[in-house]
Amino acid sequence: MPSQPTISNQLLAGQAERLRNYRFSLRVSEQGTVVAVGDGIAWIEGLPSAAMDEILDLEDGSRAMVFQLENHLVGAILLEQTSRLTAGTIAHLSGRRMGIPTGDALIGRVIDPLGSPLDGLEPPECTAQRPLDLLSPPITERDFVHKPLYTGNKIVDTLIPIGKGQRQLIIGDNALGKSSLAIDTVINQRGQGVCCVYVLVGQKRSSVVDTIETLRRYGALDHTALVVAEATSLPGLKFLAPFAGCAVAETWMWQGKDTLVIYDDLTTHAEAYRELSLLLHRPPGREAYPGDIFFLHSRLLERSTCLGSAHGGGSMTALPIVETKEGEIAAYIPTNLISITDGQIYLDKRLFASGILPAIDVTKSVSRVGGKGQHPRIKEKAGRMKLDYLQFLELEVFTRFGSRLEASMEAKIARGRVLRELLKQDRLSPLPIEFHLAWLTAFNHGLFDKVSPESIPALLDHLAGRVRESNLGLESRDEEWTEAMGHWLEEHRPT
């Protein structure tokens, strides 16, 4: 109780000081008026000093961002909209640009692109704020991609490797497992020191909840932040979501950490941008997309890189997801993203329908980083495997016509069918890189040659358990792996 008068006296003293220092002066501020509002767009007149991407504070409590400048009107995309927003609402310039709170407090949290919590908890206590749209690091601050990022997927980690700092596109038709592959990759970063950001754009709430619960069930929320703009969100939030997720991951990258950001998906993001652009009377181009959609995605993905040691040595790996229609990869958005990224993982509906899961089409998938993003042992073991597998697929075509083949060709086809079974993998079951080295070693030494394809799944389960129990690692000698694999295969062989 004795401290209360002291506090009151301090407040009174502060008010008196402000009154003594107050001086009358002329202050000029601009005041705009909303003339039209609808579909997530507000047209405002009376703000001649408005700048692109500036935040506008509306008198009803709504917020908007300047997105289009015309002679007498300002086109703004709504970020927050109240039921009281109508024509005639007063608008004020704020002088602020879009930013989002960043930091370790976001780990395990679900936020919207404005940084507001969506998980029912208190707002995250973040001490830093980062602008959503920044220039990508200059080339002088970057390093070559030289460290592998393991997805836990047998095909990707051996035949289409991804390095930390790489941008690898996941592309395919709807419901072929694109998001499942991305979720597996996030789950596989548990204990690897990689901070993950999962961006969900324009998805149904049930899909969002399912993704969150899956990550929680497999312990992935301990290293993951989620940025969500669901299907019912304003178009402006869908447009900003990937940039918000990028800003969150970028903060960790500049702190010297390895980060992974998933954009699920950029097709919906492009559609939201097209919707906003057409509503703001921007001229449409190919497939009605505005001409700067390529620049929009390139400036987003160019921020993913591997920094040099002089700048902390952090990295940001990007896995953008894009959806195709009937396998048409020559559509506008897919071709744009293929040219921007460092490779693509293509999922094929025919493989999916035939039960080959994951339905990754090795013939159309590529990593332009390649062996530079692999451990030397994995690079050595998987060096010719992709070429051999492609040759097997070509040879297998002849068997469909009943052609008689030489014994050597028959052996190659039998070996290829075993390899195809080895590459199959269930969703939500990422595997450690040591297991990949184990089966690669056994396959290259011919230890699977006398194994029937039907027995491969049970055999791999047995080997996975043995690898976990053993002390063998990537640095172990090839002879040790070969001897251990021969012993483990003999254990599983029926008596």
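Preceding this paragraph is the structure being described.
Residues numbered from 1 in each chain as written. Predicted model: local features only at pLDDT ≥ 70, side-chain atom pairs only at ≥ 80, totals over all residues. Heavy atoms only, no water.

Trainee: So what about the packing of helix α14 (residues 456-469) against helix α15 (residues 478-492)? Which residues, and what values?
Mentor: In the contact formed by α14 and α15, the axes pass within 10 Å of each other and the chain directions differ by 130°. By the criterion of interaxial angle, the relationship of α14 to α15 is oblique. Note on packing geometry: the crossing formed by α14 with α15 is right-handed. The segment α14 lies against α15, with Ala 458, Leu 459, His 462, Leu 463, Arg 466 and Val 467 engaging Trp 481, Met 485, Trp 488, Leu 489, Glu 491 and His 492. By residue class, the composition of the contact of α14 with α15 is eight nonpolar, two polar and two charged. (Axes fitted to C-alpha atoms, helices over the stretch in contact; angles between N-to-C directions. Helix = DSSP H or I, 4+ residues; strand = E, 2+ residues; numbered from the N terminus. Parallel < 35°, antiparallel > 145°, perpendicular 65-115°, else oblique. Left-handed = near helix turned anticlockwise from the far one by under 90°. Contact = heavy atoms within 4.5 Å. Nonpolar A, V, L, I, M, F, W, Y, C, P; charged D, E, K, R; others polar.)

Trainee: Any details on the sheet that holds strand β6 (residues 90-97)? Residues and values, ideally.
Mentor: One closed barrel accounts for six strands, arranged β1-β2-β5-β4-β3-β6; its pairing is antiparallel. The sheet shows a mean angle of 45° between the axes of neighbouring strands, taken without regard to direction. In this structure, strand β4 (residues 63-69) lies alongside strand β5 (residues 73-80), joined through six bridges in antiparallel fashion. By the bridge assignment for β5, Ala 64 is matched with Leu 78. Each of β4 and β5 is contacted by helix α5 (residues 235-254), which is oriented at about 80° to β5, the strand it contacts most. (Pairing = 2+ DSSP bridges.)

Trainee: Which residues make up the environment of Val 227, and what are the values?
Mentor: By the secondary structure assignment, Val 227 is in strand β12 (residues 224-229). We classify Val 227 as buried; its relative accessible area is 1%. Sequence spacing of Val 227 and Tyr 198 is 29 residues, and the spatial spacing of their C-alpha atoms is 6.3 Å. Each residue touching Val 227, except ones within four places of it in the same chain, is listed here: Ile 111, Asp 112, Pro 113, Val 197, Tyr 198, Val 199, Leu 200, Ala 241, Ala 244 and Gly 245. (Buried < 20%, exposed > 50% of the residue type's maximum accessible area, 1.4 Å probe, protein only.)

Trainee: Go over the side chain of Ser 304, please, and point to the residues and values.
Mentor: Inspection of the secondary structure assignment puts Ser 304 in the loop between α7 (293-301) and β14 (315-323). Note on Ser 304: relative accessible area 2%, which makes it buried. The contacts of Ser 304, once residues within four sequence positions are left out, are Arg 142, Gly 165, Arg 167, Met 316 and Ala 318.

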